[in-house]
Amino acid sequence: MEIKSNNINDETVLEIGKFAILWNCFEKEYCNNNCKAAVIREKANLIQIDIGTRAKFADVINKRRIKLGQSITEYITNGLHGENAHGSPETDMNTMCKFLEKCGDNDELVCGCLLIIHRIRNNMMHGLKVIKELNDQIELFRSANEVLESIRCRE
């Protein structure tokens, strides 16, 4: 497989590389190297995310879904769960919706935020992201990185 370097901006490559490293740190620290939605639900009350960073991430996603002409439910169902992706349980889908609506208690908003980042990670690492569209998703990765950085690993 050949990926022509002129198709993907260096800044996009940097943000996606940073995302991979920050996710690695998060998964090791909080998920014992085995992150699943159930683990995120279990650990959400132990994880602190900067509130402003979390809100900005929701704004970035909402801006993206509006640009795609999708409702919150459509974005979560179709944008975060591609054609060949494993579906999420209804409770997780509802938690992600609440995060994008910015309604719920702190633990639920943390959980929804991390479930969405987990979906982005799964889409990236399991081949559901379209390479030629990555440059258009730099703000998504940048904002997800800010969330992961705000969590801070103890290493």
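As shown above, the structure is provided for reference.
All residue numbers here refer to positions counted from 1 along the written sequence of the relevant chain. Per-residue local features of the predicted model are confined to residues with pLDDT of at least 70, and side-chain atom pairs are confined, for both listing and counting, to 80 or more; whole-chain, interface and lining totals are unaffected and use all residues. The basis for every side-chain value is the complete set of non-hydrogen atoms in the structure, without hydrogens or water.

**A word on the overall build of the chain**
Only runs of H or I of at least four residues qualify as helices and only runs of E of at least two qualify as strands under DSSP, and these elements are numbered from the N terminus. From N to C terminus, the chain includes seven helices and zero strands. The order of α-helices and β-strands along the chain, N terminus first, is α-α-α-α-α-α-α. Each of the three principal axes of the chain carries a C-alpha extent, and together these read 45 × 40 × 30 Å. Note on classification: 1.4 Å probe, protein chains only; a residue is buried when its accessible area is under 20% of the maximum for its type, exposed when over 50%, partly exposed between these limits. Residues counted as buried form 43% of the 155 residues belonging to the chain. Residue contacts are counted whenever heavy atoms from the two residues lie within 4.5 Å of one another. When contacts within the chain are restricted to residue pairs at least 6 apart in sequence, those whose partners lie at least 24 apart make up 70%. Each accessible area is a Shrake-Rupley result for a 1.4 Å probe, and residues are judged covered by the shown protein chains and nothing else. Carbon and sulfur atoms form 48% of the exposed surface of the chain, whose accessible area is close to 8,900 Å². Positive charges come from Lys and Arg alone, negative charges from Asp and Glu alone, with His and the N- and C-terminal ends not counted. Each charge is placed at NZ for Lys, CZ for Arg, CG for Asp and CD for Glu. Taken together, the 21 basic and 23 acidic charged side chains of the chain have centroids lying 1 Å from each other.

**Some remarks on the pattern of salt bridges**
By definition, a salt bridge exists where a carboxyl oxygen of Asp or Glu is found within 4 Å of a side-chain nitrogen of Lys or Arg. Tallying each qualifying case throughout the model produces eight salt bridges. For the salt bridge of Glu 149 with Lys 18, the shortest nitrogen-to-oxygen distance reads 3.2 Å. Highlighted residues: Glu 149 in helix α7 (residues 138-151) and Lys 18 in helix α1 (residues 10-31), separated in sequence by 131 residues. One salt bridge in this structure joins Lys 56 and Glu 146, with 3.1 Å as the shortest N-O distance. In this pair, Lys 56 sits in helix α3 (residues 51-67) while Glu 146 sits in helix α7, placing the two residues 90 residues apart along the sequence. Residue Lys 56 is classed as partly exposed on the basis of its relative accessible area of 39%. Members of the salt-bridge network, linked through shared partners, are Glu 11, Glu 15, Glu 139 and Arg 142.

**Side note on the environment of Lys 63**
With respect to the helices and strands, Lys 63 occurs in helix α3. Along the chain, Lys 63 and Lys 102 lie 39 residues apart, while their C-alpha atoms are 14 Å from each other.

**Notes on the packing of aromatic side chains**
Side-chain rings of Phe, Tyr and Trp (the six-membered ring for Trp) are treated as a pair once their centres are within 6.5 Å; stacked means planes under 30 degrees apart, edge-to-face means over 60, and tilted covers the remaining angles. Applying the stated criterion across every chain, the model contains four aromatic pairs. Pairing Trp 23 with Phe 26 gives two aromatic rings, centres 5.1 Å apart and planes at 45°, and the pair type is tilted. Of this pair, Trp 23 and Phe 26 are both found in helix α1, three residues apart, which corresponds to roughly one turn of the helix. With relative accessibility at 3%, the residue Phe 26 sits in the buried group. Ring plane angle 40° and centroid distance 6.0 Å describe the contact between Phe 57 and Phe 99, whose orientation is recorded as tilted. Of this pair, Phe 57 sits in helix α3 while Phe 99 sits in helix α5 (residues 90-101), and the two are 42 residues apart along the sequence. Here Phe 57 matches Phe 99 in class, with each residue buried.

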